[in-house]
Amino acid sequence: MNRLIHLGNCFSTQDEIINLINEDETTAVFTFNQTKGRGQYGNSWEVIPDQNLAYSVAVKTDEVSISGVCLNYYTAIIVRDFLDNLTKANACIKWPNDIILNGKKVCGMLTEKRKKNNVDYYIIGIGINILQKDFSNLPKAGSILSVTGVNVDLMEFVRDFHTYFISRITNIPDEEKILEEYNSHLFRKNEVSVFQKNGIRQNGIIKYADINGFLLIDLENEGVQKFFHKEIEMLY
């Protein structure tokens, strides 16, 4: 069994879900009006009211047979697949776990470990831009509507997304399969891109992401190097 709880508004679904977890069933919460959301590594993720989705789901750690890195990868795969099926657009995963539609970021994710009543959980937070049209201050961002023209009903979207997500997260494949699938959808893999490292720009080619969460890039001045998140920036 699983529960899906709608919050009219909240600071962060990542925080609200802790008080709503039911140990006997998978719990997820969502809102279309999140005021102080968090992204990866301290980034903020705010939602314009009634245009975008903030969604968090709690999964017991003892029900997850893969590493935290592979869980991040698998979460990105699930969301990518859902959006790809919905929009029929070119959905890719920008390392480590942003979703890109036709070159624009429409989704970010955050996974945290939390404890309630001595039970450990992964709290998986997912923010999806759905109906927002104005990204004048965020030139690399977009929404499902702005990028693909697909217009959806928000409540219908979240119900379909939740059903799909739960069906996938409760049937996790092995790590080898996840890594293969993740790399097959990696944004700009095997293409020349511009990167910035320590304030210096140079061309490079993404080779693959590894099982430990590192991205291997063949840099024109340094050869193949591996990086963790925030150690290098892709400028496209």
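Starting from 1, residues in each chain are numbered consecutively following that chain's sequence as written. This being a predicted model, a pLDDT of at least 70 is required before a residue's local features are given, and a value of 80 or more before pairs of side-chain atoms are given or counted; all residues contribute to the totals for chains, interfaces and linings. The side-chain quantities take in all heavy atoms of the structure and omit both hydrogens and water.

> Whenever I open this one, the overall build of the protein confuses me. Can you help?
Comment: elements are numbered from the N terminus, with helices defined as DSSP H or I runs of at least four residues and strands as E runs of at least two. Helix and strand counts for the protein stand at 5 helices and 14 strands. Taken along its principal axes, the extent of the C-alpha atoms in the protein is 55 × 40 × 30 Å. Each residue is placed in one exposure class: buried if its accessible area under a 1.4 Å probe, protein chains only, is under 20% of its type's maximum, exposed if it is over 50%, and partly exposed if it falls in between. Counting every position in the protein, which comprises 236 residues, the buried fraction comes to 50%. When checking whether two residues touch, look at their non-hydrogen atoms; a contact exists if any pair is within 4.5 Å. In the protein, the proportion of contacts linking residues at least 24 apart, taken out of those at least 6 apart, comes to 58%. The charged-residue count follows a simple rule in which Lys and Arg add positive charge and Asp and Glu add negative charge, with His and chain termini not counted at all. Where a charge sits is defined by one atom per residue type, namely NZ (Lys), CZ (Arg), CG (Asp) or CD (Glu). Looking at charge distribution, the protein has the averaged site of its 25 positive side-chain charges lying 4 Å from that of its 30 negative ones.

> How should I be thinking about the confidence of the model for the protein in this particular structure?
For any part of a model where pLDDT is low, the fine detail of the predicted coordinates should not be relied upon. Residue-level confidence of the predictor, termed pLDDT, takes values from 0 up to 100. When the pLDDT values of the protein are averaged, the result is 92; 95% of them are 70 or greater. Across residues 40–45, confidence stays below pLDDT 50; counting only partners more than four residues off in sequence or on other chains, it has 21 contacts.

> Explain the nonpolar core to me, please; I cannot follow it from the model alone.
Generally speaking, soluble globular proteins have nonpolar side chains that are buried together. Residues grouped as a nonpolar core are buried Ala, Val, Leu, Ile, Met, Phe, Trp, Tyr and Cys residues, joined through side-chain atoms within 4.5 Å. Grouped together as the largest cluster of nonpolar side chains are 59 residues, with contacts concentrated most on Tyr55, Ile126, Ile128 and Phe157. Ranked by residue count, the leading element in this core is helix 2 (residues 68–87), at 10 residues. In terms of nonpolar packing, the next biggest core, distinct from the first, is built from 10 residues, Cys10, Ile17, Ile21 and Val119 among them.

> What am I meant to see in the packing of aromatic side chains here?
Aromatic ring pairs are described here by two measures, namely the spacing of the ring centres and the angle between the planes. Any pair of Phe, Tyr and Trp rings, taking the six-membered ring for Trp, is counted once the centres come within 6.5 Å. Such a pair is stacked with planes under 30 degrees apart, edge-to-face with planes over 60 apart, and tilted for the rest. Going through the model one piece at a time under the given rule, you end up with 10 aromatic pairs. Between Phe82 and Phe157 the ring centres are 5.5 Å apart and the planes differ by 85 degrees, which places this aromatic pair in the edge-to-face class. Here Phe157 lies in helix 4 (residues 154–169) and Phe82 lies in helix 2, a separation of 75 residues in the sequence. Consider the rings of Phe82 and Tyr164, whose centres lie 5.6 Å apart with planes at 50 degrees: the pair is tilted. Of this pair, Phe82 sits in helix 2 while Tyr164 sits in helix 4, and the two are 82 residues apart along the sequence. A relative accessible area of 11% places Phe82 in the buried class. The rings of Tyr55, Phe82, Phe157, Phe161, Tyr164 and Phe165 are connected pair by pair, giving a single aromatic cluster. The ring of Phe214 has Lys226 lying over it, and the distance from NZ or CZ to the ring centre is 4.7 Å. Throughout this description, the term charge over a ring refers to an Arg CZ or Lys NZ atom that lies within 6 Å of the ring centre and within 35 degrees of the ring normal.

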